[in-house]
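Listed here are the chains, written in short residue letters.
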Amino acid sequence: GATAMHAALQSETDLLAWADYALYRAQRLGRNRVVTQDGPPHSAESRRQPLKLFENLAALFSKASNRDRKLQDTAAAIQQWLGIDVCSLYLLEDRALTLRATAGLNPDSVGKVRMTTGEGLTGLVIETMTTVCARDAAKHPRFKYFPETGEERYGSYLGVPILFESTPLGVVVVQTKAIQDFGEEDVTVVKTISGFLGGFLRGYR
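Residues numbered from 1 in each chain as written. Predicted model: local features only at pLDDT ≥ 70, side-chain atom pairs only at ≥ 80, totals over all residues. Heavy atoms only, no water.

**Student:** In this structure, what is going on with the sheet that holds strand S7 (residues 156-164)? I would like to understand it.
**Tutor:** Strand-to-strand pairing in sheets goes through backbone hydrogen bonds, with the strands running parallel or antiparallel. Spatial ordering of the open sheet is given by S5-S4-S3-S8-S7-S6, a layout of six strands whose pairing is antiparallel. The strands lining the two open edges of the sheet, one partner per strand, are strand S5 (114-116) and strand S6 (132-134). Ignoring which end each strand starts from, the neighbouring axes of this sheet average 25° apart. Most of the contacts of helix H3 (residues 67-82) go to strand S4 (residues 96-103), to which it runs at about 60°, and overall it touches strand S3 (86-93), S4 and strand S8 (167-176). (Pairing = 2+ DSSP bridges. Helix = DSSP H or I, 4+ residues; strand = E, 2+ residues; numbered from the N terminus. Axes fitted to C-alpha atoms, helices over the stretch in contact; angles between N-to-C directions. Contact = heavy atoms within 4.5 Å.)

Here it is as structure tokens:
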């Protein structure tokens, strides 16, 4: 997906969002192609474009608040946008994943839930450095329940690695109570958000 400078562009966020929308169009047309967006999207499908979410995240990252506050606000923004039950952000610290923000789980578990790389589905994301999607998470061979989070046994799981270049920094996790398939656009949105987070978190290392 690609775009170019245009009189209607208001910000770098617009530029990224237009290119992202062009990427969705390319995927719907069958992949293995380049699609350009030459102006603001006007079709009915543009309602799925996550421009507002990207604008919100850009505003969050530019605030003077501390890292943990930004991470918590980011988790809440993702949860609201996707309409899912849980969004959690795990950071890789001292070769272990630590829960650093959550919207939907027990807030007291932040900073206390830790897992090794390879432990559970979230550890699998870091171990393989790939997206892990489990429609029925409890039946996945790598599923592990962490009772300290206060979560119920959620149905579906999506985990996306947070990377800066090729360096793993953490995992974005979204979960639903119901068993469902995550749509391709939802996965793409979470991957794009993880890209934002990779650049943001790199400044704290």
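**Student:** Explain the pairing of S8 here, please?
**Tutor:** Regular strands have side chains that alternate between both faces of the sheet. Counting buried positions along S8 gives nine out of ten residues, so the element sits mostly inside the fold. Where S3 meets S8, six bridges bridge the pair, whose relative direction is antiparallel. Among the inter-strand pairings, Leu89 is bridged to a residue of S8, identified as Val172. In the sheet, S7 pairs with S8 via nine bridges, with the strands oriented antiparallel. In the sheet register, Leu163 faces S8, and the bridge partner there is Pro168. In this structure, the hairpin formed by S7 and S8 is closed by a connection of two residues, where Glu165 is found at a positive phi of approximately 55°. (Buried < 20%, exposed > 50% of the residue type's maximum accessible area, 1.4 Å probe, protein only.)

**Student:** Please clarify how helix H5 (residues 184-202) should be interpreted in this entry.
**Tutor:** Along an α-helix, a turn takes 3.6 residues, which lines up residues three or four apart on a common side. Between its first and last C-alpha atoms H5 spans 27 Å; for 19 residues at 1.5 Å apiece the expected length is 27 Å, and the two agree. Across the 19 residues of H5, 14 count as buried, placing the element largely inside the fold. (Expected span 1.5 Å × (residues − 1).)

**Student:** How should the confidence of the model for the protein be read in this particular structure?
**Tutor:** One rule of thumb: low pLDDT means the predicted coordinates there are not for detailed reading. Of the residues in the protein, 82% have a pLDDT of 70 or more, and the chain-wide mean is 81. Confidence drops under a pLDDT of 50 for residues 42-48, and excluding neighbours within four residues, the segment shows nine contacts in the predicted structure. (pLDDT = per-residue confidence, 0-100.)

**Student:** Teacher, can you tell me more about the packing of H3 against H5 here?
**Tutor:** Helix packing for two helices is described by the angle between their axes and how far apart those axes are. Interaxial distance between H3 and H5 falls to 12 Å at its minimum, and their mutual angle equals 170°. In terms of their interaxial angle, H3 and H5 are classed as roughly antiparallel. For the pair H3 and H5, contact is made by Arg67, Lys70, Leu71, Thr74, Ile78, Trp81 and Leu82 and by Asp186, Val189, Val190, Ile193, Leu197, Phe200 and Leu201, respectively. Tallied by class, residues from the contact of H3 with H5 come to ten nonpolar, one polar and three charged. (Parallel < 35°, antiparallel > 145°, perpendicular 65-115°, else oblique. Nonpolar A, V, L, I, M, F, W, Y, C, P; charged D, E, K, R; others polar.)

**Student:** What should I look at first to understand the environment of Ile193 in this one?
**Tutor:** As for its placement among the helices and strands, Ile193 is situated in helix H5. We classify Ile193 as buried; its relative accessible area is 1%. Placed 136 residues apart in sequence, Ile193 and Leu57 show a C-alpha to C-alpha distance of 8.4 Å. Apart from residues no more than four positions distant in its own chain, Ile193 is found in contact with Leu53, Phe54, Leu57 and Ile78.

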